[in-house]
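Examining the three-dimensional arrangement
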Amino acid sequence: PGDPAGMNAALTCVKRGHEAILVEKEGELGGWLRFTDRDPLKYDLRCYKDFLIRRVQNENIKLMLNTEVTDELLATISPDAIFVATGSSAAAPTFIKGWEKAYHAADMYFHPEIVKGDTCVMLGGGLVGIEAALSLAKRFRPSVIRGNACAYNIAPLRTAVICDQRNDFARA
């Protein structure tokens, strides 16, 4: 659980006088917040992620990166308690034909090669959709945001179009 929840749990355990072992299957801490390393719009969130990582590294927390939690590992460590912070997963728009070809907005940060062609369509005009579209517009191409339009002042930007067409995915 090298995401913010897992790091905070480990920090709280150490603060309360317990030994903490943080096991993370990836090679680095941060969880989903690692995308902030690739998005200049997320400076404050990146600072928070980096702050948590520094705190974990500066405390007496045993860090096990690139490690999957298995029965054998648990038998070896023999912990008194286990905190499970498995992160989150994206919801899939299964009601849209061809949804299996879609990506979660965060995927464009971790795998920029998935952004192909001249047009990207963001389904969802919430904060994640708008910020992903703005990031795409800065890096690659104009973006269209579909879904509930949010009341953000992005009118001066020529690269983002906000459409308030709830559940109307047939028109582009």
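Given the structure is predicted, the values throughout are model-derived calculations rather than measurements. (Residues numbered from 1 in each chain as written. Predicted model: local features only at pLDDT ≥ 70, side-chain atom pairs only at ≥ 80, totals over all residues. Heavy atoms only, no water.)

Remarks on the pattern of salt bridges
Per the counting criterion, the structure on display carries three salt bridges. With a shortest N-O distance of 3.6 Å, Arg-34 and Glu-28 are connected by a salt bridge. For Arg-34, a relative accessible area of 16% translates into the label buried. The residue Asp-37 makes a salt bridge to Lys-49 at a minimum N-O spacing of 3.0 Å. Taken together, the positions of Asp-37 in the loop between strand E1 (20-23) and helix H2 (43-58) and Lys-49 in helix H2 put the pair 12 residues apart, joining distant regions of the chain. Under the relative-accessibility criterion, Asp-37 is labelled partly exposed at 39%. The exposure class of Lys-49 is buried, given its relative accessible area of 3%. (Salt bridge = Lys/Arg side-chain N within 4 Å of Asp/Glu carboxyl O. Buried < 20%, exposed > 50% of the residue type's maximum accessible area, 1.4 Å probe, protein only. Helix = DSSP H or I, 4+ residues; strand = E, 2+ residues; numbered from the N terminus.)

Quick word on the nonpolar core
In terms of nonpolar packing, the biggest core is built from 13 residues, with Phe-35, Met-108, Tyr-109, Val-115, Met-122, Ala-132 and Leu-136 touching the most fellow members. Those elements that place two or more of their residues in this core are helix H4 (107-110) and helix H5 (127-139). The next biggest cluster of nonpolar side chains, apart from the first, holds 12 residues, and it includes Met-7, Leu-29, Val-56 and Ile-61. (Core = buried A, V, L, I, M, F, W, Y, C linked by side-chain atoms within 4.5 Å.)

Describing the pairing of strand E2 (residues 61-64)
Across four bridges, E1 lies against E2 in parallel orientation. If you follow Ile-21 over to E2, its bridge partner there is Lys-62. Handedness of the E1-H2-E2 crossover: right-handed. (Pairing = 2+ DSSP bridges. Right-handed = clockwise from strand over helix to strand, strands pointing away.)

Let's talk about a nonpolar patch on the surface
A cluster of nonpolar side chains, contributed by Leu-45, Tyr-48 and Phe-51, occupies part of the molecular surface with about 250 Å² of accessible area. Tracing the backbone through its elements, the reader meets Tyr-48 in helix H2. On the basis of relative accessible area, Tyr-48 is assigned to the partly exposed category, the value being 35%. (Patch = residues over 30% accessible without salt bridge, like charges linked within 9 Å, V, L, I, M, F, W, Y side chains within 5 Å. Areas by Shrake-Rupley, 256 points an atom, 1.4 Å probe, with all protein chains shown as cover.)

Considering helix H1 (residues 4-15)
Helix length check: H1 (12 residues) gives 16 Å between terminal C-alpha atoms against 16 Å at 1.5 Å per residue, within 8%. Buried residues of H1: Pro-4, Gly-6, Met-7, Ala-9, Ala-10, Leu-11, Cys-13 and Val-14, and no others. Of the surrounding secondary structure, the elements contacted by the buried residues of H1 are E1, H2 and E2. Downstream of H1 by a residue or two, Gly-17 has a phi angle that is positive, lying close to 90 degrees. (Expected span 1.5 Å × (residues − 1). Contact = heavy atoms within 4.5 Å.)

Concerning the packing of aromatic side chains
Tallied over the full model, the rule gives two aromatic pairs. On the numbers, 6.2 Å between centres and 65 degrees between planes, the contact of Trp-32 with Phe-110 is edge-to-face. One end of the pair, Trp-32, is in the loop between E1 and H2; the other, Phe-110, is in helix H4, and 78 residues separate them in sequence. Judged by relative accessible area, Trp-32 falls into the partly exposed class, the value being 33%. Between the aromatic rings of Phe-35 and Tyr-109, the centroid separation amounts to 4.9 Å while the plane-to-plane angle is 45 degrees, which identifies the pairing as tilted. Residue Phe-35 is found in the loop between E1 and H2, and its partner Tyr-109 is found in helix H4; the two are separated by 74 residues along the sequence. One exposure class covers both Phe-35 and Tyr-109, and it is buried. (Phe/Tyr/Trp six-rings, centres within 6.5 Å; stacked < 30°, edge-to-face > 60°.)

Bear in mind that shape data such as this cannot, by itself, settle questions of function.
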